[in-house]
Amino acid sequence: MSQDIYSAEPEATRRSAGEAESSRASRGWWDRNADEYQIDHGAFLGDDRFVWGPEGLDEAEAGLLGPAASLSGLDILEIGAGAAQCSRWLAARGARPVALDLSHRQLQHALRIGDEVPLVEADAGVLPFRDGSFDLACSAYGAVPFVADPVQVFREVHRVLRPGGRWVFSVTHPIRWAFPDEPGPEGLSVAASYFDRTPYVEQDERGDAVYVEHHRTLGDRVRDVVAAGFRLVDLVEPEWPAWNVQEWGGWSPLRGNLIPGTAIFVCARD
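Residues numbered from 1 in each chain as written. Predicted model: local features only at pLDDT ≥ 70, side-chain atom pairs only at ≥ 80, totals over all residues. Heavy atoms only, no water.

### Quick notes on the packing of aromatic side chains
Line of reasoning, step 1. Scanning the model with the defined rule gives 17 aromatic pairs in all.
Line of reasoning, step 2. With a centroid separation of 6.1 Å and an interplanar angle of 80 degrees, the aromatic rings of F146 and Y211 are classed as edge-to-face. Highlighted residues: F146 in the loop between β5 (134-140) and α5 (150-160) and Y211 in strand β8 (residues 209-213), separated in sequence by 65 residues.
Line of reasoning, step 3. The exposure class of F146 is buried, given its relative accessible area of 11%. (Phe/Tyr/Trp six-rings, centres within 6.5 Å; stacked < 30°, edge-to-face > 60°. Helix = DSSP H or I, 4+ residues; strand = E, 2+ residues; numbered from the N terminus. Buried < 20%, exposed > 50% of the residue type's maximum accessible area, 1.4 Å probe, protein only.)

Structural data, given as structure tokens:
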């Protein structure tokens, strides 16, 4: 969940939030917080690294999209690309990436870093591409945690992938929703039901959502993947490495050594 500060100090609550409200809140939140996000995390993410989450698992090491040598010449869609760091890494391996994000300000940061990757501002639930446009699709904490209807997003990804394509995405590990979003010892005691799927919402004084994040259990995520027509190939739960001493919101070495923080779903379009 978000650790950044909205200027009006929004109220945090758990309540329903539909597609339109979630999308509007996400666009506004990322436009407002993109500068601070890049200042806080830009050094860790790098300009052209492919990092799957706060643990620091690197695609160069993990090879979840396939061997790096096999990426050359492939059309790859990155969803929720932010400043397009992952796409830049893919381009350096000879791939033809397209970086898509809902936030105009995040894409401005992508242009600030470099203009070698095509950028598209669009909602992940309505991808502006023809059927079978891409060989691979990926998302490192982008879009999926913030949408009310993940199956719609997955179906869109399935549509734009070619047969044999792979869809790999990372999200906050669902078990983390049962614990307070704190990096210290207070974040190690269960405080909520893992089975409570009520969205986490930050809302302004009018009650309008300014940040929304949606919880799905691990089983929900698997069923969503299957419902969209994908086959689940692997589920990766990165362990916290000894070299990583940073805290990132609720992620920290203390918690990372005890409970999983990230889940990465590797899916195939047969």
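### Topic: the nonpolar core
Line of reasoning, step 1. Counting 28 residues, the largest nonpolar core has L77 and W167 as its most contacted members.
Line of reasoning, step 2. Those elements that place two or more of their residues in this core are β2 (75-79), β3 (96-101), β5, α5, β6 (161-172) and β10 (262-268).
Line of reasoning, step 3. When sequence neighbours within four positions are dropped, the list of residues in contact with W167 reads I79, A137, C138, S139, V144, F154, V157, L161, F230, F265, V266 and C267.
Line of reasoning, step 4. In terms of nonpolar packing, the next biggest core, distinct from the first, is built from 18 residues, L57, L64, W89 and A140 among them. (Core = buried A, V, L, I, M, F, W, Y, C linked by side-chain atoms within 4.5 Å. Contact = heavy atoms within 4.5 Å.)

### Focus: the packing of α5 against helix α6 (residues 218-227)
Two measures define how a pair of helices packs: the angle their axes make with one another and the distance between the axes.
Line of reasoning, step 1. Axis separation between α5 and α6 bottoms out at 8 Å; the angle between their running directions is 40 degrees. Here α5 lies oblique to α6, going by the angle between them. The two elements α5 and α6 cross, and the hand of that crossing is right-handed. Residues P150, V151, F154 and R155 of α5 form the contact with α6, whose participating residues are R221, D224, V225 and A227.
Line of reasoning, step 2. Classifying every residue of the contact of α5 with α6 gives five nonpolar, no polar and three charged. (Axes fitted to C-alpha atoms, helices over the stretch in contact; angles between N-to-C directions. Parallel < 35°, antiparallel > 145°, perpendicular 65-115°, else oblique. Left-handed = near helix turned anticlockwise from the far one by under 90°. Nonpolar A, V, L, I, M, F, W, Y, C, P; charged D, E, K, R; others polar.)

### Looking at the sheet that holds strand β9 (residues 231-236)
Line of reasoning, step 1. In space, the seven strands of this open sheet follow the order β4-β3-β2-β5-β6-β10-β9, with mixed pairing throughout. The open sheet has two edge strands with one neighbour each: β4 (119-121) and β9. Averaged over all pairs of adjacent strands, the angle between their axes in this sheet comes to 20 degrees, without regard to strand direction.
Line of reasoning, step 2. Relative to β4, β3 runs parallel, the two being bridged by three bridges. (Pairing = 2+ DSSP bridges.)

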